[in-house]
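Take a look at the letters that make up each chain.
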Amino acid sequence: MRHFAISLVALALAGCAAQAERAAAPTTSKETLATQIGEKPAPTSPPPGQQWLYGSAEGTIASVQVYRAMTDYILDQLRVDPAVTRLPYRQVILAMQSTPAAPRFDDCGNKPFAAVFDADETLIWNVGSMRYMAEQGKDFDPAIWDQWERSGAGKALAMPGAVEALKDMRDAGVTIVVNTNRTAANAKGTEDTLRAAGLGEFKHGETLYLMGDDDTGSSKDARRAAIAARYCVIAMAGDQLGDFSNAFNAKGISVADRRKLAANPAVSSLWGSGWFLLSNPVYGPSIRGSFDDIFTPETKWEPAR
Ligand SMILES: [Mg+2]
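What counts as what
Residues numbered from 1 in each chain as written. Predicted model: local features only at pLDDT ≥ 70, side-chain atom pairs only at ≥ 80, totals over all residues. Heavy atoms only, no water. Disulfide = S-S within 2.5 Å. Helix = DSSP H or I, 4+ residues; strand = E, 2+ residues; numbered from the N terminus. Buried < 20%, exposed > 50% of the residue type's maximum accessible area, 1.4 Å probe, protein only. Phe/Tyr/Trp six-rings, centres within 6.5 Å; stacked < 30°, edge-to-face > 60°. Donors = N, O, S within 2.8 Å, 3.2 Å for Na, K, Ca; no water. Pairing = 2+ DSSP bridges. Axes fitted to C-alpha atoms, helices over the stretch in contact; angles between N-to-C directions. Contact = heavy atoms within 4.5 Å.

A. Representation of the state of the cysteines within the structure. Tallying each qualifying case throughout the model produces one disulfide. The partner cysteine of cysteine 108 in its disulfide is cysteine 232, sulfur to sulfur 2.1 Å. Judged by the sign of its S-S torsion, about 70°, the cystine formed by cysteine 108 and cysteine 232 is right-handed. Here cysteine 108 is found in the loop between α4 (57-78) and β1 (113-117), whereas its partner cysteine 232 is found in strand β6 (residues 232-238), with 124 residues between them in sequence. You can call cysteine 232 buried: its relative accessible area is 1%.

In structure tokens:
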């Protein structure tokens, strides 16, 4: 009898639950319920930044445009034109201790020409790891990324326009050097990844500079100085401003001040003429800021009520 009573209660509860579910169905999605109980819902599509960068025609064109402009710039710099005196060539890497606010650029002497590239979302799209992490509902997971650095070869894609551009630059006698914050411990995995993407051969310590090569962590400034000691760097490319100077990553720098530093007249003429920026709406220090950081008060608008 007692069992029977419990069963009746259970049945009644089940009925209530089913009723509640039916009642809730029109207004409360599975995803909303999952969020309410603290779970991150499984994404049904990639985040907007990934859709734009990795999937859209616009993302592809943005990459091709930069690579074409960079190639044209480099070939123009190397063209022997008696009407234009470019000697001595100047580094586009900031001289040691100088900053984008007060830049200095050393003469190249007779060093061989080079172009310096970041790797991730500059030469390659990390589509294998990005999809995996997005499907897991993760923005970024260092342990997964570490595995990706070691074993992602063949699952990263050369960015549109990069293979052709690197060939043209090399044919013109320019050495391609990569300066990336992938770790020195995973050097082989990164060499393999770049090769498998069709971007050519890179050798750690010669044409591949990695985080851990020195004791300055994620700053690329010291590595850039080491590259400039060996090469005449006539162009640089990256997807984040730290690929040009670590001053852009200064602790506590506001969104507005970072934008001002990048646009200040001392360096602004370098954009598209020595410094080349690839688009990355997926991750990095560009993606932050409150409404007040992003929008100025004088542009605030609302519709008439
Ligand atoms: Mg990058």
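B. Broad picture of the packing of aromatic side chains. If you walk through the whole model with that rule in mind, you get nine aromatic pairs. Ring geometry for phenylalanine 140 and tryptophan 145: centres 5.8 Å apart, planes at 40°, overall tilted. Using a relative accessible area of 10% as the deciding quantity, one classes tryptophan 145 as buried. Aromatic pair tryptophan 271 and tryptophan 275: ring centres 5.2 Å apart, planes at 70°, arrangement edge-to-face. Three or more aromatic residues link up through ring pairs in this structure, and these residues are Phe244, Trp271 and Trp275.

C. Layout of the coordination of the magnesium ion. For the magnesium ion, the full set of protein donor atoms is Asp118 (OD), Asp120 (O) and Asp239 (OD), at a range of 2.1 to 2.2 Å. Written as a sequence motif, the donor residues of the magnesium ion are D-x1-D-x118-D. Each member of the pair aspartate 118 and aspartate 120 is classed as buried.

D. Geometry of the sheet that holds β6. Pairing is parallel across the open sheet formed by five strands, whose spatial order is β5-β4-β1-β6-β7. The sheet is open, and its two borders are formed by β5 (208-211) and β7 (275-277), each paired with just one other strand. Neighbour-to-neighbour, the strand axes of this sheet turn through a mean angle of 20°, independent of strand direction. Sheet topology places strand β4 (residues 175-183) next to β5; three bridges connect them, and they run parallel. Each bridged residue has a counterpart across the sheet, and for threonine 183 the counterpart in β5 is methionine 211. Set on the sheet, helix α8 (residues 187-196) makes contact with β4 and β5; between it and β5 the angle comes to about 135°.

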